[in-house]
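Coordinates in review
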Amino acid sequence: MPLQAVQLTISDSFVELFRRCKDEPMALFLDSCEHAAGQWDFIFRQPQQIITAGANWPRVLEDALATLPTYQGPSELPFQGGLAGAWSYDAGRALETLPSEARADITLPELSVGLYTQALMRHRQSGETWLLAPQEELETVKQFWLSPSPQSPNQLPFRLMTSWQSNMSAVDYADNFARVQSYLRAGDCYQINLAQRFTSLYEGDTWQAYELLRQHNNAPFSAFMQLEQGSLLSLSPERFLAIDEHGHVETKPIKGTRPRAADAEQDRQLAEALQCSSKDRAENVMIVDLLRNDLSRLCLPNSVKVPKLFAIESYPAVHHLVSTVVGKLGSTDENIQLLAACFPGGSITGAPKIRAMEIIDELEPHRRSYYCGSFGYFSQHGRADTSIAIRTLVATRTDDKQGAVHCWAGGGLVADSDCASEYQETFDKVARIIPVLSQQFGANSS
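Being a predicted model, the structure only gives us computed values, none of them experimental. (Residues numbered from 1 in each chain as written. Predicted model: local features only at pLDDT ≥ 70, side-chain atom pairs only at ≥ 80, totals over all residues. Heavy atoms only, no water.)

With that settled, consider the overall build of the chain. Counting its secondary structure elements, the chain contains 11 helices and 24 strands. Taken against the 2.2 N^0.38 rule, which gives 22 Å for 446 residues, the C-alpha radius of gyration of the chain at 21 Å falls within 12% of a compact globule. Along the first, second and third principal axes, the C-alpha set of the chain runs to 65 × 60 × 45 Å. When burial is assessed residue by residue, the chain has 59% of its 446 residues classed as buried. A separation threshold of at least 6 residues defines the contact pool for the chain, and within that pool the share at least 24 residues apart is 77%. Accessible surface computed for the chain: about 17,700 Å², of which carbon and sulfur atoms make up 47%. The positive charge centre, built from 38 side chains, and the negative charge centre, built from 53, are 2 Å apart in the chain. (Helix = DSSP H or I, 4+ residues; strand = E, 2+ residues; numbered from the N terminus. Rg over C-alpha atoms; globule rule 2.2 N^0.38 Å. Buried < 20%, exposed > 50% of the residue type's maximum accessible area, 1.4 Å probe, protein only. Contact = heavy atoms within 4.5 Å. Areas by Shrake-Rupley, 256 points an atom, 1.4 Å probe, with all protein chains shown as cover. Lys, Arg positive; Asp, Glu negative; His and termini not counted. Charge placed at Lys NZ, Arg CZ, Asp CG, Glu CD.)

The subject of this paragraph is the nonpolar core. Ranked by internal contacts, the top residues of the largest apolar core, which has 87 residues, are Phe44 and Leu83. Broken down by element, this core gets its largest block of residues, 6 residues, from helix H8 (residues 335–342). (Core = buried A, V, L, I, M, F, W, Y, C linked by side-chain atoms within 4.5 Å.)

This paragraph deals with the pairing of strand S1 (residues 3–8). Bridge count between S1 and strand S9 (residues 129–134): 6 bridges; the pairing is antiparallel. From the neighbouring strand, Leu3 faces S9, where its bridge partner is Pro134. (Pairing = 2+ DSSP bridges.)

A few words on the pattern of salt bridges. Per the stated rule, a full pass over the model turns up 29 salt bridges. Across the pair Asp188 and Arg355 runs a salt bridge, and its minimum N-O distance is 2.8 Å. Linking Asp188 in the loop between helix H4 (170–186) and strand S12 (191–203) with Arg355 in helix H9 (residues 353–363), this pair joins segments that are 167 residues apart in sequence. Assessed through its relative accessible area of 24%, Asp188 is described here as partly exposed. Taking relative accessible area as the criterion, Arg355 reaches 26% and is therefore assigned partly exposed. One salt-bridge network, held together by shared partners, links Arg258, Lys279, Asp280, Glu283 and Glu422. (Salt bridge = Lys/Arg side-chain N within 4 Å of Asp/Glu carboxyl O.)

Glancing now at the packing of aromatic side chains. Taken as a whole and assessed by the stated rule, the structure comprises 22 aromatic pairs. Following the ring pairs from residue to residue traces out a cluster consisting of Phe18, Phe29, Trp207, Tyr210 and Phe224. For Arg45, the ring lying beneath its charged end belongs to Phe144, and the centroid distance is 3.8 Å. Above the face of the Tyr89 ring, Arg368 is positioned so that its terminal group lies 4.9 Å from the ring centre. (Phe/Tyr/Trp six-rings, centres within 6.5 Å; stacked < 30°, edge-to-face > 60°. Lys NZ or Arg CZ within 6 Å of the ring centre and 35° of its normal.)

Packing of H4 against helix H10 (residues 419–429) leaves a shortest axis separation of 10 Å and a crossing angle of 125°. Relative to H10, H4 is oriented oblique. In the packing of H4 onto H10, the handedness of the crossing is right-handed. In this structure, H4 contributes Ala170, Tyr173, Ala174 and Phe177 to the contact, and H10 contributes Cys419, Glu422, Tyr423 and Thr426. (Axes fitted to C-alpha atoms, helices over the stretch in contact; angles between N-to-C directions. Parallel < 35°, antiparallel > 145°, perpendicular 65-115°, else oblique. Left-handed = near helix turned anticlockwise from the far one by under 90°.)

So, on to empty space enclosed by the protein. Gaps left between atoms are located by rolling a probe of water-molecule size over the structure's atoms. The tally for this structure, following the rule as stated, stands at 4 cavities of 30 Å³ or more. As a volume, the largest cavity reaches approximately 150 Å³. Ile348, Ile390, Arg391, Gly410 and Lys429 are the residues nearest the centre of the largest cavity, which is lined by 18 residues in total. For the lining of the largest cavity, the secondary-structure elements that each account for two or more residues are strand S17 (254–259) and strand S24 (402–413). (1 Å grid on protein atoms, 1.4 Å probe; cavity = no way out; pocket = protein on both sides within 12 Å on 5 of 7 lines; lining within 4 Å. Points joined across faces, edges and corners; volume = space filled by probe spheres on them.)

This part is about the side chain of Gln191. If you trace the backbone, Gln191 turns up in strand S12. Judged by its relative accessible area of 1%, Gln191 falls in the buried class. A distance of 3.2 Å separates the side chain of Gln191 from the backbone oxygen of Glu283, its partner in a polar contact. Not counting the four nearest positions on each side in its chain, Gln191 is found in contact with Leu184, Lys255, Glu283, Met286, Ile287, Thr349, Gly350, Ala351, Ala356, Gly412, Leu413 and Val414. (Polar contact = N/O pair within 3.5 Å; in protein donor to acceptor, adjacent residues only side chain to side chain.)

Turning our eyes to something else, we now look at the pairing of strand S21 (residues 374–379). Burial within S21 is extensive, with 6 of its 6 residues counted as buried. The side-chain alternation of S21 yields two buried faces, one formed by Ser374, Gly376 and Phe378 and the other by Phe375, Tyr377 and Ser379. When strand S6 (residues 82–87) meets S21, the two strands line up antiparallel, connected through 6 bridges. Along S21, the bridge assignment pairs Trp87 with Ser374. In this structure, S21 lies alongside strand S22 (residues 384–387), joined through 3 bridges in antiparallel fashion. Opposite Phe378, over in S22, you have Ala384 as the bridge partner. Connecting the antiparallel pair S21 and S22 is a turn made up of 4 residues, with Gly382 showing a positive phi of about 115°.

What follows is the structure, given as structure tokens:
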């Protein structure tokens, strides 16, 4: 039976609507937070197939996509049945031979990707809401969304049970910074991304934490995903790969950061200093060149271009330096292959990519899990949009009530980086995440 799409008249926000299914395994909310950069919000639930194994995942995903029923509905809808979910940074291990020095203490699968025939979509500007479902299930699924909101079961409120602890002290970071500098001087890399991980024990409903964080971050590529043994919360400002149904590709790497200031004039000066910084521009160009090369592996000759360099994008916690790289695929049948060719994104590894990833595995004490991976969707008609999973938290559960929540922050290091400034930048990047959760949900909060 074909997949069909119908328009719904429904006034609830997508945050309110997602509460209905937030506890379902593989329920996924791709959330633009009503940011100007985001056009659509999506809720996915009840996938027909779940792909978690890392081995040969590009082929597995392509094979799954080929099993979908045909779609009958408006051609302009961005999702017409397909894949959606999260790819961990460590999914890159299926694509390249990498060392295994960093400790793998987060026991979530390398992929959490579903084959979805159900999706709720809302166009941010028009407010139109569309439901996709198999023809024979359409009325039942429609009633799920249109009926009065069910009474949520009483759940334990979200609470941090310990203070945040980093897996690198300031001394550890300085030691690792020095080792990065030695690799840079030796010519191993031009740039290496180094991140620290913050961890707290928690109890309760992580969706409550996400609702608070989305208000404070307003990030256009935010996401919440419920897993069998945990949940993923992302407040990402960074697009990875967007592909339209004609094969046009866009990626928007972020490289270069300054904190925001409460004083408007000081804030403007910080943004201006970032845009004029020769160091940050050099970092940005390194990653732009890496992505040009990655896209060129599959895009048509002479189609890869850089229409925008060094644009400033401002978010509640930081200013970012953002560039835009575009290309054109010969066929959207190559979408998954392009993801694999570019994965993980160069903005969070360094350059050259494989050597940078080897050094990251040597210096960072723990594997990154879903931090620096990707969230997104691939529709069977060729549209796709994915993020770089920065400003991302991974929560694992040891039982129904308690577990550990991890949050990372890092930055690209180059030869003229300053250790103290780079260390501080990691805290600037999570300034609207870790302190916000501690203040609202900390062990000592009321």
